[in-house]
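Remarks on the overall topology
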Amino acid sequence: MHANTLSLVAIWGIVLTTRGHVHSQPVETSVYTIREEDVVYRAAVLEYRAYDDMAEGGLAVLRENARVFVEYAEAARQQGADIIVFPEYGLTGSTSRSLADFMSKTQALPDPGTGTVLCNSTDTSESIEAVRVLSCAAAELGMYLVVNLAEQVPCEPQMNPRGHLQGSALESTRGIGEEPLGGGGGGGRGGERDSEEGDEEHKDLRGEETDPGEGGRKEPNQKVNRDPKHREGKRDLGEGDETRDPEGGDGGGAPRECLDSGFYVFNTEVVFDRAGVVVAKYHKKSLYLEPGFTPGSQDDKEAIFTTDFGVTFSLQVCFDILYGGPGTSNVVERGVTDVIMSSYWVDELPFLAAPQMWQSWSEGLAVNLMVANFHNPEEGALGSGIFRGLTSQESLYTYDPNSGTKLLVGEVVSRRTTPLPAPTGHGDDAATPEGTTGVGSDGTLIQSSSQAVPVREEVTMGIHQEASWIPTDNGDVEKKGHPEAEGREIRTDRVFLHEDLERYSNFALERGDGVMERSLCHNDSLCCSVTYSFPADPTDESSFLLLAYSGVAEKGDGAYLLFTQVCAIVYCLNENVTSCARIEENEAPQKTSFRAHNITGDFDTSYIYPSVFTQELKLVDTSLWDFESSVSSEKMVKSTLVLHEDVDYLLSLRLFGRWFDRDP
């Protein structure tokens, strides 16, 4: 037995075994010609409904979810995966009733570049227990693990006797490991807290007293929010001690709110390499109704890492995708072609359903995007996949409210990263760990792996085997012996948020013979045009509206203001714009005689994301449409989406633009 296997068993008695069935089936897709600079790797994403029962405390939640992660990571590795991505809140769950609950599900992490292998640590602190297990799993399986978690960072870091920062900036475990690595604030089981922790039991995240009735869920002075992602037990930071920027990043030293626990807590994406080393750590910047968390202020380049198979990735988390960084800026400014994202995305129709957003972002920026989403359809959260916008090959995704936890594994074609000379790291003698990268002071990527980049001998490639690991042949949950614990049963209820379309300019497309054209402008700043066919049909009661909008869009019940520019055709129940995309009111998708040929818009931004989505909530494959975007004048960008084949159940055909500089 390997040393790392012994470590896993010693920690939690975990044995890496697969449960369930592995299904491989051919998927037809376009053939892509492999070029000399290309590299092919296998990626895995897990859509997962986290265990979130706080009856035994936050540590029990972390233990159970980490155990499940290890089992699915092994299943992915058996299918040849080089890297696996887990969802946002997948490790911690999303419910916290008090500050004590919230802190009990946090973990401490070392800084990338220290070469820390948590699996080798002799530290038994609860604040590194879950991440230690995941480090061991990455080393034992020999694969990259990308995990989202709540990271604790002391508001005022103290130096330990060895001169190392305690808390987030953990000391390296290479030959040390005798002293506790984590900060205080890791949680324990219910009933095991000391008296001081017990006093926190009925405090909210501000440290204010709450009513212990109703499970302690009542939160004082909190606005009622209708958005499903505004989950119970969380609140705006509001009150707390203002201290320095804990990251010293591009926040310019702006004050940050310190929780009464004495810690900042970040929504963190962490990467373990094949040796179990923490090689990247990114703090989510664009928080979405996530009270208790501090927004990250790192430079976007800190979200970059390069693997031993020669591909450079950028990290981002959920709501980040609608902003200029880190993913977008790392693609545009640093040439990254592969992006990884953990998410708890809440669907919004008609333009921002999960797979619709993922595919359009991937195609609009011409990059590969791997997304692992939390599975919670009754809150509008589902939809994960591998989106291959770099080569415009067919997307591999799941978007099924009945699927429960699901693992997807597929091949991805990427561009090889040219190795650069490796400078020194945090000190003159500190080298970047083998098989990983650092980021130089000038923002360049530093590849230090001595391993050869895999070379494919094939001249052409088609993706013939896309593996989807599910519990049983029919996708039902197998409660006994399956990684998904009892109590996380599949629920078919699902909800959608809806964009407020009443602010859009709209025009009901009339029926008639032959091909027709119509144009529509909004605020004289955005003009959209469509070419379409819509023959008279007495059995077809559907309507389609041309929509145009240039202005501020409210998200999170008005908590976030984004400047968007949108040209779209949308299916509606009638000619009233408020009836558009209300597919939940139909018993079944409505086949229509409407045929869209193309849609064009003159935009003020170059960040434009195209999508074709059906009433069946399916993506139209990219082989059936083309997207072109070019500068038409000094200020205008002309973008066109052309459909090559008819779509019987069209829901929306849209060009979604983001003008970051105009955000309020």
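To be clear, the structure that these remarks concern was listed above.
Described in the following lines is the structure provided in the data block. In this text, all values refer to a predicted model and were calculated from it rather than measured experimentally. (Residues numbered from 1 in each chain as written. Predicted model: local features only at pLDDT ≥ 70, side-chain atom pairs only at ≥ 80, totals over all residues. Heavy atoms only, no water.)

**Considerations on the overall build of the chain**
Cut-off, in case you're wondering: Per the convention used, a helix needs a DSSP run of H or I reaching at least four residues, while a strand needs a run of E reaching at least two, with both numbered from the N terminus. Remark: exposure states derive from per-residue accessible area (1.4 Å probe, protein chains only) relative to the maximum for the residue type, with buried under 20%, exposed over 50%, and partly exposed in between. Working rule for contacts: check all heavy atoms of both residues, and any pair within 4.5 Å makes them a contact. Working definition of accessibility: Shrake-Rupley area with a 1.4 Å probe, residue cover restricted to the visible protein chains.
A tally of regular secondary structure across the chain gives 7 helices and 33 strands. A burial count over the chain gives 59% of its 664 residues as buried. Nonlocal contacts in the chain, meaning residues at least 24 apart in sequence, comprise 73% of its contacts between residues at least 6 apart. Counting only carbon and sulfur atoms, one obtains 45% of the accessible surface of the chain, whose full area is about 25,300 Å².

**Let's talk about the pairing of strand β25 (residues 512–522)**
Let me state the cut-off plainly: Only strands joined by at least two bridges in the DSSP assignment are considered to pair.
The pairing of β25 with strand β26 (residues 526–534) spans 9 bridges and is classified as antiparallel. Each bridged residue has a counterpart across the sheet, and for Glu517 the counterpart in β26 is Thr531. If you look at the hairpin formed by β25 and β26, you'll find 3 residues sitting between the two strands, and Asn523 has a positive phi there, around 55°.

**Observations regarding helix α2 (residues 58–78)**
We count it as follows: Residue count minus one, scaled by 1.5 Å, sets the expected span of a helix.
The end-to-end C-alpha separation of α2 is 31 Å, in line with the 30 Å expected for 21 residues at 1.5 Å each. Summarising burial for α2: 17 of the 21 residues are buried, a large majority. Downstream of α2 by a residue or two, Gly80 has a phi angle that is positive, lying close to 85°.

**Some details on the sheet that holds strand β28 (residues 560–572)**
Sheets are built from strands paired through backbone hydrogen bonds, the pairs being either parallel or antiparallel. Applicable threshold: Every angle, taken between N-to-C directions, lies between 0 and 180 degrees, and every axis is a line fitted to C-alpha atoms, over only the stretch in contact when it is a helix.
Reading across from one edge, β24-β27-β28-β33-β30 is the order of the 5 strands in this open sheet, with antiparallel pairing throughout. Edge positions in the sheet fall to β24 (505–508) and β30 (608–614), since each of these pairs with one other strand and no more. Pairwise comparison of adjacent strand axes, ignoring direction, gives a mean angle of 15° for this sheet. Inspection of the sheet shows β24 paired to strand β27 (residues 543–555) by 4 bridges, in the antiparallel sense. Among the inter-strand pairings, Ala508 is bridged to a residue of β27, identified as Leu545. Its contacts with the sheet place helix α7 (residues 354–365) against β30 and β33 (650–658), and it is angled at close to 140° to β30.

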